[in-house]
Amino acid sequence: MFFVHRRELIEQITKSFKQQDVDLHHCTIMTVRKIANRLGKLPKPSLIICDESHHSKAKTYQKIFNYYSNVPRLGFTGSPWRMNGQGFDDIYSAMIQGPTVKWLIEHHKLAPFCYYSVPLFDQNKLKKSSTGDYTVTSMTEASQPTLYGDIIKTWLDKAKGKRTIVYAHDTKHSQQIAQAFRNVGVKAQHCDSKTPSEQRKTIMNDFRTGKITVLCNYGLVDEGYDVKECECCVIARPTESLVFNIQSTMRCMRYLPNKVGIIIDHAGNYKRFGLPDSPHDWSLKDRKKKKRSNDSSGPPIRTCSQCFAVIPANCRICPFCGAEIEVKQTQIEIDKEAKLTDVTDFKFTTNYLVTKKPAEIKSMQELYAYAEAKGYKRGWAWYQGKQRGWVK
């Protein structure tokens, strides 16, 4: 008995079994809900296999496990982790850890990746729900007014023409992103769990075959969905869920020769969890909940101010764009420390700067100072300067 949590995965698992010469006459492959509703009517299994087994604590799963309490069970997951800290040692007796993501990349089981982060959410406005993740309302309020335009601009710069999955924070958000892509001539569709079955099947198949370039979704294709041709993932929602972060960012890392997955993180989630190849301490035991800025034990990381790639903090040359990485002082810091004369023939105060409009700024130096005074990231200033032709 093999059960999955979404019906899109049934065909995928069946195909995989056939490739491995499994006799399907001896198999029951269904969604969790269907099996739970048919207990006592299905053939009793000699083995239960649970896909995406980090869901095993859910009531529907428990109903099946309890009914077949004397049947051995085997669970698979790439992320044995729950937001509430509960472990899985009451369901599974042992954990066998597979090779690391780094090993899988080195041995051509996963594709290498480029990770870019252009944050478009105000982290201070995010609020958690009872589940531990951020509320949809707070994510909507935290999104910047330029959200849709910046998503499109970044994609056109980093991944133009590449088959892409976009992860939105709600249905409306996903629909609006899909429309924004269509407005610039990119074939894009939205899909979620409430999309009519036949329409959803058509959209999924069109994306798989390349008729659709961008698939925008909410809560649908973050787990298990296997399209090796997908080369880019756009993360347009903040999250506190390590499971969602791993499952969504790595959708574009299915291996194909010479493929490099492109991950565009508009929520700065890497600051909480690290990169896809960051190591994690997995365990079946309960874990103590703790506040953290980064769940990863990997090396410190930062973003390149030129191309927004996420790179090791000790890098002096960006491996993606070749830019020299250095920490530059803002004009305000320079004025305060009196270490440099005013080479641009202007002096200003913070109050003066914040009352100006960005269009009134006349130089790159003043633009950096404006960004500092307004609390913007330096990347924002660089991007604005690039748009005006002040930087290459």
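Look above for the structure.
Cut-offs and rules
- For every chain, the first residue of its written sequence is number 1, and the numbers climb from 1 along that sequence.
- Under the rules for a predicted model, residues below a pLDDT of 70 receive no local features and side-chain atom pairs below 80 are neither given nor counted, while totals for whole chains, interfaces and linings still include all residues.
- Side-chain descriptors were evaluated using all non-hydrogen atoms of the structure, hydrogens and water having been removed beforehand.
- By the criteria applied, helices consist of DSSP H or I runs no shorter than four residues and strands consist of E runs no shorter than two, each listed in order from the N terminus.
- Throughout, a residue-residue contact means that at least one pair of heavy atoms, one from each residue, lies within 4.5 Å.
- Accessible areas in this description were obtained via Shrake-Rupley with a 1.4 Å probe; residue shielding takes into account the shown protein chains only.
- Axis lines are fitted through C-alpha atoms, for helices just across the contact stretch, and the angle between N-to-C directions can take any value from 0 to 180 degrees.
- Relative orientations are named as follows: roughly parallel for angles under 35 degrees, roughly antiparallel for angles over 145 degrees, roughly perpendicular for angles from 65 to 115 degrees, and oblique for any other angle.
- Helix crossings are classified by the rotation of the near helix relative to the far one: an anticlockwise turn of less than a right angle makes the crossing left-handed, while a clockwise turn makes it right-handed.
- Here the term charged refers only to Asp, Glu, Lys and Arg, the term nonpolar to Ala, Val, Leu, Ile, Met, Phe, Trp, Tyr, Cys and Pro, and the term polar to all other amino acids, Gly among them.
- At least two bridges found by DSSP between two strands are what make those strands a pair.
- The salt bridge criterion pairs a side-chain nitrogen of Lys or Arg with a carboxyl oxygen of Asp or Glu, the two atoms within 4 Å.
- Under the scheme applied here, a residue whose accessible area is under 20% of the maximum for its type counts as buried, over 50% as exposed, and between as partly exposed, the area being computed with a 1.4 Å probe on protein chains only.
- By nonpolar core is meant a set of buried Ala, Val, Leu, Ile, Met, Phe, Trp, Tyr and Cys residues that side-chain atoms within 4.5 Å join together.
- The rule is short: rings of Phe, Tyr and Trp, with Trp giving its six-membered ring, pair when the centres are within 6.5 Å, and they are stacked under 30 degrees, edge-to-face over 60, tilted in between.
- For a helix, the expected span equals 1.5 Å multiplied by the residue count minus one.
- This arc is taken over the directions from the axis of the helix to the C-beta atoms.
- The definition of a polar contact used here is a pair of N or O atoms within 3.5 Å, where within protein one atom must be able to donate a hydrogen and the other to accept one, and adjacent residues in sequence count solely through side-chain atom pairs.

## Concerning the overall build of the chain
Of regular secondary structure, the chain possesses 14 helices and 12 strands. Look at the contacts in the chain between residues 6 or more apart in sequence, and 66% of them connect residues 24 or more apart. Accessible area for the chain stands at about 21200 Å²; split by element, carbon and sulfur atoms hold 50% of it.

## What to know about the packing of helix α6 (residues 147-158) against helix α7 (residues 171-183)
Running from amino to carboxyl end, α6 crosses α7 at an angle of 50 degrees, the nearest separation of the two axes being 10 Å. Classified by the angle between their axes, α6 and α7 sit oblique to one another. Between α6 and α7 lies a crossing whose hand is right-handed. Between α6 and α7, the residues in contact are Leu 147, Tyr 148, Ile 151, Ile 152 and Trp 155 and His 173, Gln 176, Ile 177, Ala 180 and Phe 181, respectively. By residue class, the composition of the contact of α6 with α7 is eight nonpolar, two polar and no charged.

## A word on the sheet that holds strand β4 (residues 73-75)
Strand order across the open sheet formed by four strands is β2-β1-β3-β4, with parallel pairing between neighbours. A single partner strand is all that each edge strand has here, and the edge strands are β2 (29-31) and β4. On average, each strand axis in the sheet is tilted by 25 degrees relative to the strand beside it, whichever way the strands run. The pairing of strand β1 (residues 2-4) with β2 spans three bridges and is classified as parallel. Bridging from a neighbouring strand, Phe 2 pairs with Ile 29 of β2. Packed on one face of the sheet, helix α1 (residues 8-19) meets β1 and β2 and runs near 160 degrees to β2.

## So, the pattern of salt bridges
The full count for this structure, using the stated rule, is seven salt bridges. Glu 231 serves as the salt-bridge partner of Lys 162, at 3.6 Å between the closest nitrogen and oxygen. Taken as a pair, Lys 162 in the loop between α6 and β6 (164-167) and Glu 231 in the loop between β8 (214-218) and β9 (232-235) lie far apart in primary sequence, 69 residues in all. Looking at Glu 231, the relative accessible area reads 24%, which means it is partly exposed. Shared partners join several salt bridges into a network, and the residues in it are Lys 128, Glu 240 and Arg 272.

## Quick word on the nonpolar core
One finds Ile 151, Trp 155, Ile 177, Phe 181 and Val 214 to be the most contacted residues of the largest nonpolar core, which totals 37 residues. Where this core is concerned, the elements lending two or more residues are β5 (113-117), α5 (136-142), α6, α7, β8, β9 and β10 (261-265). Counting residues in hydrophobic clusters, the runner-up holds 36 residues, among them Ile 105, Ile 203, Cys 252 and Tyr 270.

## Describing unusual backbone geometry
Non-glycine residue Asp 21 carries a positive phi angle of around 60 degrees. Structurally, the position occupied by Asp 21 is in the loop between α1 and β2. Using a relative accessible area of 71% as the deciding quantity, one classes Asp 21 as exposed. A positive phi angle is found at Asn 258, which is not glycine, with a value near 65 degrees.

## Examining the pairing of β5
Of all the five residues making up β5, five are buried; the element is thus mostly covered by neighbouring parts of the structure. Side-chain alternation along β5 places Phe 113, Tyr 115 and Ser 117 on one buried face and Cys 114 and Tyr 116 on a second face that is also buried.

## Details of the packing of aromatic side chains
This structure, assessed with the given rule, holds eight aromatic pairs. With a centroid separation of 5.0 Å and 85 degrees between ring planes, the pair formed by Tyr 67 and Tyr 68 is classed as edge-to-face. Relative accessible area serves as the criterion here: at 3%, Tyr 68 is assigned to the buried category. When the ring of Tyr 116 is compared with that of Phe 320, the centres are 6.1 Å apart and the planes differ by 50 degrees; the resulting orientation is tilted.

## What about the sheet that holds β9?
On the basis of which strands lie adjacent, the open sheet formed by six strands has the order β5-β10-β9-β6-β8-β7 and parallel pairing. Each of the sheet's edge strands pairs with one partner strand only, and the pair in question is β5 and β7 (188-192). With strand direction ignored, the average angle separating the axes of adjacent strands in the sheet is 15 degrees. Note that β5 and β10 share five bridges and pair parallel. Paired with Ser 117 across the bridge in β10 is Asp 265. In the packing of α6 onto the sheet, contacts are made with β5, β6, β8, β9 and β10, and the angle to β10 comes to roughly 155 degrees. Contacting β6, β7 and β8, helix α8 (residues 197-209) crosses the sheet at an angle of about 135 degrees to β7.

## Some points on α6
Given a rise of 1.5 Å per residue, 12 residues ought to cover 16 Å, and the 16 Å separating the end C-alpha atoms of α6 matches this to within 8%. Along α6, the residues classified as buried are Leu 147, Asp 150, Ile 151, Ile 152, Thr 154, Trp 155 and Lys 158.

## Quick word on α7
For α7, which comprises 13 residues, the first-to-last C-alpha distance of 18 Å matches the rise-based estimate of 18 Å (1.5 Å per residue) to within 8%. Three or more residues of α7 are buried, namely His 173, Ser 174, Ile 177, Ala 178, Ala 180 and Phe 181. All buried residues of α7 lie within an arc of 160 degrees about the axis, which places them on one face of the element. Exposed residues pointing more than 90 degrees away from the buried face of α7 are listed as Lys 172 and Asn 183. Contacts made by the buried residues of α7 are with α6, β6, β7 and β8. A distance of 3.4 Å separates the backbone nitrogen of Lys 172 from a side-chain oxygen at the start of α7, and that oxygen is part of Asp 170.

The values are spatial; any link to function lies outside them.
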